[in-house]
Amino acid sequence: MDRPSPAPASSGSPRTGSAHRPPSGRQYVIGHGAERLVVTEVGGGIRSYTVDDEPVLDGYDVDALCSGGRGQVLAPWPNRLGDGRYRFGDRACRAALDEPDRGNAIHGLVRWLPWEVRAQAQNVLSVGCVLQPQPGYRWRLDVEVEYRLGRGGLVVSAEATNVDDEPAPFGIGFHPYLTVGTPTVDSARLQLSAGYVVRTDDRGLPVGTAPVAGSE
């Protein structure tokens, strides 16, 4: 995961007035008890998630442009496409290189598109986006993400529907940055139960796997 520069989390509301709209568009807010979640129209991702007014995620301010992919939905592929090119079936695709220094197309095509509210209640929000055929993805895809707050915290679920006539490739990921109450997480230790790690080259592209046993 790329580590961005720290940015302040905020649960503030956009300034009123028709002349001003936040870079992330409309702000959709749900809550449950001490939990509060803010989802954005642009990208359909999480801008802020707090419990007892304490940030759980390292989000971004309402007047800021989302940086480092904070809280964004990554579809129809997460991670990187080398040279932005791939073939699926008889369709060859070429996506714009939005990581130009490495020559990659990164994190899909819906991060900066508008998402619409499909359903909303006090503690539940569903947002959706229709991705139209284009050079980087030549299929029509409907993606819907549900955010649900409850006693167990936040649950995020996703559903994608291929509305094209041909089978479509699809992958999805999410890009939250957890905070532990310090400016960086450099001194934090995360333990995962895993058997293998994915190795990448200097472009961030996968080059294989290696066993975790015996390694750092």
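Just so it is clear, the structure is predicted and the values come from calculations on it, not from any experiment.

Chemist: Looking at this structure, how should I read the packing of aromatic side chains?
Modeler: Think of a pair of aromatic rings as described by two things: how far the centres are apart, and how the planes are tilted against each other in angle. Evaluation of the coordinates by the stated rule reveals three aromatic pairs. A centroid spacing of 5.9 Å and a plane angle of 80° characterise the contact between Phe-88 and Trp-139, whose relative ring orientation is edge-to-face. Residue Phe-88 is found in strand S7 (residues 85-88), and its partner Trp-139 is found in the loop between strand S11 (124-131) and strand S12 (141-150); the two are separated by 51 residues along the sequence. Among the aromatic residues, those joined into a cluster by ring pairs are Phe-88, Tyr-137 and Trp-139. Geometry around Tyr-177 places Arg-70 over its ring, the cationic atom sitting 5.8 Å from the centre.

Chemist: Sorry if this is basic, but what is going on with unusual backbone geometry here?
Modeler: In terms of backbone geometry, most residues other than glycine have negative phi values and most peptide bonds are trans. Of note, the amide linkage connecting Ala-75 to Pro-76 takes the cis form, showing an omega dihedral of 5°. You can see Pro-76 is positioned in the loop between strand S5 (72-74) and strand S6 (80-82). Of note, Asp-53 is a non-glycine position whose phi angle comes to about 65°, a positive value. Its place among the elements puts Asp-53 in the loop between strand S3 (46-51) and strand S4 (54-55). A positive phi angle, close to 65°, is found at Asn-79, a residue other than glycine. Structurally, Asn-79 is set in the loop between S5 and S6.

Chemist: So what exactly am I meant to see when it comes to the pairing of S3 here?
Modeler: Two faces make up the sheet, and in a regular strand the side chains alternate between them. Counting buried residues along S3, five of its six residues qualify, which places the element largely inside the surrounding structure. For strand S2 (residues 35-40) and S3, the ladder comprises five bridges, and the chain directions are antiparallel. Within S3, the residue paired with Arg-36 across the bridge is Thr-50. The hairpin turn running from S2 into S3, its antiparallel successor, is five residues long, and Gly-43 in that turn takes a positive phi close to 90°. Across two bridges, the pairing between S3 and S4 is antiparallel. Across the sheet, the residue bridging to Val-51 is Glu-54, located in S4.

Chemist: I tried to follow the sheet that holds strand S1 (residues 27-32) on my own but got confused; where do I start?
Modeler: Two modes of strand pairing occur in sheets, parallel and antiparallel, and in both the strands are linked by backbone hydrogen bonds. The antiparallel open sheet is built from four strands, whose spatial order is S1-S2-S3-S4. One side of each edge strand has no neighbouring strand; the edge strands of this open sheet are S1 and S4.

Cut-off values and rules
- Residues numbered from 1 in each chain as written.
- Predicted model: local features only at pLDDT ≥ 70, side-chain atom pairs only at ≥ 80, totals over all residues.
- Heavy atoms only, no water.
- Phe/Tyr/Trp six-rings, centres within 6.5 Å; stacked < 30°, edge-to-face > 60°.
- Helix = DSSP H or I, 4+ residues; strand = E, 2+ residues; numbered from the N terminus.
- Lys NZ or Arg CZ within 6 Å of the ring centre and 35° of its normal.
- Buried < 20%, exposed > 50% of the residue type's maximum accessible area, 1.4 Å probe, protein only.
- Pairing = 2+ DSSP bridges.

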